[in-house]
Structures are given as C-alpha cells and as structure tokens.
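# Coordinates in review
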Amino acid sequence: MFFRRRDRRQYLAHKEAARALVHARLAQHNQYYQLPIRKVFIKNLKSRWGSCSERGNLNFNYKLVFLPSELVDYVIVHELCHLREFNHSPKFWCAVAEVLPNHRSLRQALRTIERRRPVVVRSIFGSLMNDY
Ligand SMILES: [Zn+2]
C-alpha cells in the first residue's frame, strides 16, 4: 500500500512536470507556427508519445519528462504540425522541417532510445510503439 501510494504521488508529480514542459515548449514553437491550439491533455498513453485529434486537441504522454529536451521538442513540433497537416504527407514533413531540419535524425534517436533504454526505464515506458 505504501509503495502504491508513493507510485501514485510520483506519477502525479511527473504528470504535472510534463504539463509544464509541454505547455512551455508548445508556446515556444507556436510562436513560429501560429496554429490554433485547442485543448492539451497529458495522459499515461500506452503506445504513443503524442497524438492529435481531428478536433484539434493535442494529447501527450507524461513520460516525455524522461526524454532529452531535443526529443521532447521533436514530439511537440510533430503534433503541432498535425494541426496544419492532419497526416504524414510530404507537406507535413516539410512543416516539421521548417523548425527542425534535422527531424529525421531526431526521429531515429527517439527510436534508438526506445530500443536501448535500460530495464528500469523500460518498466516505466512499457511497450512504446509509435508512428514517428
Ligand atoms: Zn504523426
């Protein structure tokens, strides 16, 4: 019981840290894109770092707080660009490249982290798979 309560407290602390991080980075990158952001949710997503709904709501995984900042920015910019292009078309990737010309290597680094993360981190991340 003690551990479960502590885990819950840690989760909520990480979630609030993720919320602050996501809002700060969204605000920063949206100075460039100037897209209409609707609601932003921070969730314990099982298989994604983030997602964008057709209504224009953005969802982010609280586990972003465990990523290096350049990879957080990649996920943020990726979802932000879905507000402009709701697909993974060449136009979408052009929009990403406007702010992150190195997006391919960032995407690769994200995949590498998922594969190579140590056991302890793997238990936090669970089995992440994504479309990045
Ligand atoms: Zn996407």
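The structure this text deals with has already been given above.
First things first, this report covers the structure right here in the doc. Please read these numbers as outputs of a predicted model, since none were measured by experiment. (Residues numbered from 1 in each chain as written. Predicted model: local features only at pLDDT ≥ 70, side-chain atom pairs only at ≥ 80, totals over all residues.)

### Comments concerning the overall build of the chain
- Tallying secondary structure elements over the chain gives 5 helices and 3 strands in all.
- Each of the 132 residues in the chain was classed as buried or not, and the buried ones make up 20%.
- In the chain, the share of contacts with a sequence separation of at least 24, taken over all contacts with a separation of at least 6, comes to 55%. (Helix = DSSP H or I, 4+ residues; strand = E, 2+ residues; numbered from the N terminus. Buried ≥ 20, exposed ≤ 12 C-beta atoms within 10 Å, placed from the backbone. Contact = placed C-beta atoms within 7 Å.)

### Details of the sheet that holds strand E3 (residues 58-61)
- Ordered in space as E1-E3-E2, the 3 strands form an open sheet in which the pairing is mixed. The two strands at the open ends of the sheet, each matched to only one other strand, are strand E1 (40-43) and strand E2 (50-52). Within this sheet the neighbouring strands show an average axis-to-axis angle of 15°, counted without direction.
- As paired elements, E1 and E3 share 4 bridges and run parallel to each other. The partner of Ile 42 across the bridge, within E3, is Phe 60.
- Sheet contacts for helix H2 (residues 69-82): E2 and E3; angle to E2, the most-contacted strand, approximately 10°. (Pairing = 2+ DSSP bridges. Axes fitted to C-alpha atoms, helices over the stretch in contact; angles between N-to-C directions.)

### A look at the nonpolar core
- Core analysis: the largest hydrophobic core is formed by 21 residues, its most contacted members being Val 22, Leu 64, Ile 76 and Val 77.
- Every element with two or more residues in this core is listed here: helix H1 (2-33), E3, H2, helix H3 (90-99) and helix H4 (103-116).
- Per-element accounting of this core gives the leading share, 7 residues, to H2.
- Not counting the four nearest positions on each side in its chain, Leu 64 is found in contact with Ala 18, Leu 21, Val 22, Trp 49, Val 72 and Val 75. (Core = buried A, V, L, I, M, F, W, Y, C linked by C-beta atoms within 7 Å.)

### Looking at the pairing of E3
- Of the pairings in the sheet, the one linking E2 to E3 comprises 3 bridges and is antiparallel in character. Its bridge partner lying in E3, Cys 52 is registered against Leu 58.
- A loop of 5 residues connects E2 with E3, the two strands running antiparallel in sequence, and Gly 56 in this loop sits at a positive phi of about 90°.

### Points about the packing of H2 against H3
- Between H2 and H3, the least distance of the axes is 9 Å, while the angle of their chain directions is 135°. In terms of orientation, H2 and H3 fall into the oblique class. At the point where H2 passes H3, the crossing takes the right-handed sense. Here H2 contributes Val 77, His 78 and Cys 81 to the contact with H3, which in turn contributes Phe 92, Ala 95, Val 96 and Val 99.
- The residue makeup of the contact of H2 with H3, split by class, is 6 nonpolar, 1 polar and no charged. (Parallel < 35°, antiparallel > 145°, perpendicular 65-115°, else oblique. Left-handed = near helix turned anticlockwise from the far one by under 90°. Nonpolar A, V, L, I, M, F, W, Y, C, P; charged D, E, K, R; others polar.)

### Re unusual backbone geometry
- Phi is positive for Gln 34, which is not a glycine, with a value near 55°.
- Considering the arrangement of structural elements, one finds Gln 34 in the loop between H1 and E1.
- Using a count of 7 C-beta atoms within 10 Å as the deciding quantity, one classes Gln 34 as exposed.

### Re the packing of H2 against H4
- Contact pair H2 / H4: the axes reach a minimum separation of 10 Å and the direction vectors enclose 110°. On the basis of their axis angle, the class for H2 and H4 is roughly perpendicular. In this structure, the crossing between H2 and H4 has a hand that is left-handed. Along its contact with H2, which presents Glu 70, Leu 71 and Tyr 74, the element H4 presents His 103, Leu 106, Arg 107, Ala 109 and Leu 110.
- Partitioned by chemical class, the residues of the contact of H2 with H4 number 5 nonpolar, 1 polar and 2 charged.

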